[in-house]
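Single-letter residue listing:
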Amino acid sequence: QMQALQGATLVNRPVTLAGNQLSVEAGVGSGGFAITDKASSVEVQVKTAEGKLVDTVKLGPKEAGVHSFEWKAGSVTNTQGYTFTVVAKNGTTAVSAQSLQYDRVTSVSTAGDKLTLALQRNGSVPMDAILSFNFRADRVREILAAMLDPAFDGFPRKRSIRFAAAAGMTRY
């Protein structure tokens, strides 16, 4: 019962999970990807639900890690089921890329000891399929700024931590 109560706080929250469905809001399509190694070129191929290529977004070189992208969707909507494929290369060698899609929690349920989330576009998924939850659209940006920005002065920090890389998957 406690798990269901905690799960209820997730309703209407944006989530990130593995997959290639394009998220479209206000004429902008978005998604993400994780690459295992540095890539000298990354492109995102946008396709219709039937698999027809409609556009290619060239992102250029990217370091290993998690990245996001945007595509000018025009009149395309979420209900049209557009997808994307990430093609990453280092020279002529393919770089492994995992596509990441965004969705929104519409309800939660429990079956035994498992919490299941109903998503706006992807149906029911177990909670452990979710890679990240976003409780406020700007929360990730605020946390990253506090950790990474040397000029941050929102509160006193005892020490500054140097990260090799950092990524937030929220449109800013």
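Digging into the overall build of the protein chain
Link 1 in the chain: A count of helical and extended segments in the protein chain gives two helices and 12 strands.
Link 2 in the chain: The order of helices and strands in the protein chain, counted from the N terminus, is α-β-β-β-β-β-β-β-β-β-β-β-β-α.
Link 3 in the chain: Each of the 172 residues in the protein chain was classed as buried or not, and the buried ones make up 30%.
Link 4 in the chain: Looking at the protein chain alone, contacts between residues at least 24 apart form 67% of all its contacts between residues at least 6 apart.
Link 5 in the chain: Of the roughly 10500 Å² of accessible surface on the protein chain, 52% is carried by carbon and sulfur atoms.

Description of unusual backbone geometry
Link 1 in the chain: Positive phi outside glycine occurs at Asn-12, with the angle close to 75 degrees.
Link 2 in the chain: If you trace the backbone, Asn-12 turns up in the loop between helix H1 (2-8) and strand E1 (14-18).

Describing the packing of aromatic side chains
Link 1 in the chain: What the rule picks out here adds up to two aromatic pairs.
Link 2 in the chain: Consider the rings of Phe-69 and Phe-84, whose centres lie 4.9 Å apart with planes at 70 degrees: the pair is edge-to-face. Linking Phe-69 in strand E6 (residues 65-72) with Phe-84 in strand E7 (residues 83-90), this pair joins segments that are 15 residues apart in sequence. Note on accessibility: Phe-69 and Phe-84 belong to one class, buried.

Considerations on the pairing of strand E10 (residues 114-119)
Link 1 in the chain: In terms of strand pairing, strand E9 (residues 97-111) meets E10 through six bridges, oriented antiparallel. Note on E10: the bridge partner recorded for Val-105 is Leu-119.
Link 2 in the chain: Two successive antiparallel strands, E9 and E10, enclose a turn made up of two residues, where Gly-112 displays a positive phi of approximately 70 degrees.
Link 3 in the chain: Once E10 ends, the chain turns through three residues before running back antiparallel as strand E11 (residues 123-126).

Calculation rules
Residues numbered from 1 in each chain as written. Predicted model: local features only at pLDDT ≥ 70, side-chain atom pairs only at ≥ 80, totals over all residues. Heavy atoms only, no water. Helix = DSSP H or I, 4+ residues; strand = E, 2+ residues; numbered from the N terminus. Buried < 20%, exposed > 50% of the residue type's maximum accessible area, 1.4 Å probe, protein only. Contact = heavy atoms within 4.5 Å. Areas by Shrake-Rupley, 256 points an atom, 1.4 Å probe, with all protein chains shown as cover. Phe/Tyr/Trp six-rings, centres within 6.5 Å; stacked < 30°, edge-to-face > 60°. Pairing = 2+ DSSP bridges.

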